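Residue strings, one per chain:
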Amino acid sequence: RADLLSLAAATGVNVTATSPDAGSLPSIAVHGPQEVGYCESMVLDASASAGTGGRPLQIVWARYSTPPPRPSHLQPVAVNVSQALHFSSAGLPSGKHYFTLNATSFLGYRSSSHFVVNKLGPAKVPQPIVTIEGPWHIELTRAHRGRARGVTLQGTASKPDCCA
């Protein structure tokens, strides 16, 4: 390239460089879970995306409450991030969440990709942590007439750390 410019300057020829008529669009590859539980962390990874000749892509992530292409409630979650989006699902309501990744090359060519993650609802809420105080083994004996005697257990129950 430098030799071509030196030759053009020496011969008095004007050289104009333009972007290609049909540039290469970025190729987007997003990897992540299709389903997350109540307390799980989530990573959407687009590091396998390419198409800029080794130059970094400009990345914009967005989350929508309705499916693209006509989202009714745009909720940006990150702009110009690295190619992975990390966050906890604890703050997301149950149901489907629609993520869009827009990647722009240094020449201004742009591609979009959509990814759906389903956050599991209350049926999948983690069980409480229960601790029973006392011995590990309790033996029950029958009283007369075949009825068991009552047993009283003491313990504590708490929410998992992600629910606190």
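### Details of the overall build of the protein
1) Next: Tallying secondary structure elements over the protein gives one helix and nine strands in all.
2) Next: Each helix and strand of the protein, ordered N terminal to C terminal, gives the series α-β-β-β-β-β-β-β-β-β.
3) Next: Put simply, the protein has 164 residues, and 25% of those count as buried.
4) Next: Contacts spanning at least 24 positions in sequence make up 60% of the contacts within the protein whose residues lie at least 6 apart.
5) Next: For the protein, the exposed area adds up to about 11,800 Å²; of that, 53% sits on carbon and sulfur atoms.

### A short note on a nonpolar patch on the surface
1) Next: Together, Val130, Ile132, Ile138, Val151 and Leu153 make up a nonpolar patch on the protein surface, roughly 450 Å² of accessible area in all.
2) Next: Positionally, Val130 belongs in strand β8 (residues 129–133).

### Looking at the pairing of strand β7 (residues 110–119)
Along any regular strand, the residues point their side chains to alternate faces of the sheet.
1) Next: Across the two faces of β7 the burial differs, with Ser111, Ser113, Phe115, Val117 and Lys119 buried and Arg110, Ser112, His114, Val116 and Asn118 not buried at all.
2) Next: In the sheet, strand β1 (residues 35–36) pairs with β7 via two bridges, with the strands oriented parallel. Its bridge partner being in β7, Val36 is matched across the sheet by Lys119.
3) Next: Both strand β6 (residues 95–104) and β7 contribute to a ladder of ten bridges, which runs antiparallel. Each bridged residue has a counterpart across the sheet, and for Asn102 the counterpart in β7 is Ser112.
4) Next: Between β6 and β7, which follow one another and run antiparallel, lie five residues, and Gly108 among them has a positive phi close to 95°.

### Side note on the nonpolar core
1) Next: In this structure, Val30, Leu44, Trp61, Phe99, Leu101 and Val117 are the most contacted members of the largest nonpolar core, which totals 15 residues.
2) Next: Those elements giving two or more residues to this core turn out to be β2 (41–45), β3 (58–64), β6 and β7.
3) Next: Of the residues forming this core, the biggest block, three residues, is contributed by β6.

### What about the environment of Phe87?
1) Next: As for its position among the elements, Phe87 is in strand β5 (residues 84–88).
2) Next: With 44 residues separating them along the chain, Phe87 and Val43 place their C-alpha atoms 6.7 Å apart.
3) Next: Leave out the neighbours within four places in its chain, and Phe87 touches Ser41, Met42, Leu92 and Phe99.

### Brief notes about the environment of Leu57
1) Next: Its place among the elements puts Leu57 in the loop between β2 and β3.
2) Next: Using a relative accessible area of 12% as the deciding quantity, one classes Leu57 as buried.
3) Next: In this structure, the C-alpha to C-alpha distance between Leu57 and Phe106, residues 49 residues apart in sequence, is 7.0 Å.
4) Next: Setting aside its immediate chain neighbours within four residues, Leu57 contacts Pro26, Ser49, Ala50, Thr52, Gln83, Ala103, Thr104 and Ser105.

The rules we used
Residues numbered from 1 in each chain as written. Predicted model: local features only at pLDDT ≥ 70, side-chain atom pairs only at ≥ 80, totals over all residues. Heavy atoms only, no water. Helix = DSSP H or I, 4+ residues; strand = E, 2+ residues; numbered from the N terminus. Buried < 20%, exposed > 50% of the residue type's maximum accessible area, 1.4 Å probe, protein only. Contact = heavy atoms within 4.5 Å. Areas by Shrake-Rupley, 256 points an atom, 1.4 Å probe, with all protein chains shown as cover. Patch = residues over 30% accessible without salt bridge, like charges linked within 9 Å, V, L, I, M, F, W, Y side chains within 5 Å. Salt bridge = Lys/Arg side-chain N within 4 Å of Asp/Glu carboxyl O. Pairing = 2+ DSSP bridges. Core = buried A, V, L, I, M, F, W, Y, C linked by side-chain atoms within 4.5 Å.

Remember that the coordinates give geometry; whether it matters functionally is a separate question.
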